[in-house]
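# Structural overview for review
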Amino acid sequence: MGLTSSPPPLLVLSDRRQAGRLGLVATMAAAVAGGARAVVLREKDLERAERRELGCALVEVLAGAGGTVLLAGADIELARMIGAGGVHLASADPFPEERSGLVVGRSCHDAGELCVAGAEGVDYATVSPMFASSSKPGYGPAITTAGLTELVGGTTVAVVALGGITPANARSCLDAGATGVAVMGAVMGADDPAAATAELLTAISSRSHLDLAPSAVAITTAEGART
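Residues numbered from 1 in each chain as written. Predicted model: local features only at pLDDT ≥ 70, side-chain atom pairs only at ≥ 80, totals over all residues. Heavy atoms only, no water.

With that out of the way, let us pick up the overall build of the protein chain. Per the secondary structure count, the protein chain includes nine helices and eight strands. Buried residues in the protein chain amount to 51% of all 227 residues. Put simply, of all contacts in the protein chain between residues at least 6 apart along the chain, 60% involve residues at least 24 apart. (Helix = DSSP H or I, 4+ residues; strand = E, 2+ residues; numbered from the N terminus. Buried < 20%, exposed > 50% of the residue type's maximum accessible area, 1.4 Å probe, protein only. Contact = heavy atoms within 4.5 Å.)

Dropping the structure here:
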């Protein structure tokens, strides 16, 4: 199932290790119960067959709520196989030659990577790390809200802030220009993933929604922005 035209501006990234108490599928189901409608399946260290099984389970969980799964990585075939709504590329992943009907996002960390992502025609880009993150300690330097404002001002790509996002700072990211926020440990490692998700959504609920529907004119728009 594809993403709805206007999902909540929240992406939940998977981490089965942090979700150890409940397990990944149950943790994601709880996040969906708390309001999550778009999740990114990472777990790229798993064998393809294991990842396919896990992806199918997550797609089923999200489908019941009208949400979708984005598959981390450039495996378009696997994304279609599990019924994912799109892919989320690492900064070094190749852009898919054929992405018809699929949302394509990319991880970015600076203005240069955002410029490349915009020229490719991505539907959105995460920028990280926004703040110090317990999931990736020492990863940085932090972008901060001032840096985020500068990055957003230099791109036409929908920017999603990632890294160290909490209910206390999520709103500041949207106020700085981000279209949405993405979290991993804040939900994956929570004692109550449903409550953690609901709290995050409450913090950003008054903001406009992130439209992750794939754009047929994305590449043309990006090319035009460079002229």
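Next comes the rest of the description.
Among the structural elements, A158 can be located in the loop between α5 (144–153) and β7 (159–162). Residue classification places A158 among the buried residues on the basis of a relative accessible area of 18%. A sequence separation of 34 residues divides A158 from Y124, and the C-alpha atoms of the two residues are 4.7 Å apart.

Before going further, it helps to examine unusual backbone geometry. S128 connects to P129 through a cis peptide bond whose omega is -5°. By the secondary structure assignment, P129 is in the loop between β6 (124–127) and α5. A positive phi angle, near 55°, is found at E43, a position not held by glycine. Inspection of the secondary structure puts E43 in the loop between β2 (38–41) and α2 (48–63). Positive phi is not limited to glycine here, since T144 has a value of about 70°. When you line up the elements, T144 lands in helix α5.

Turning to the pattern of salt bridges, a few remarks are in order. Counting across every chain of the model gives nine salt bridges. Between E43 and R16 there is a salt bridge, and its shortest N-O distance comes to 2.7 Å. Of the two residues, E43 sits in the loop between β2 and α2 while R16 sits in the loop between β1 (10–13) and α1 (24–33), which places them 27 residues apart along the sequence. Assessed through its relative accessible area of 3%, E43 is described here as buried. (Salt bridge = Lys/Arg side-chain N within 4 Å of Asp/Glu carboxyl O.)

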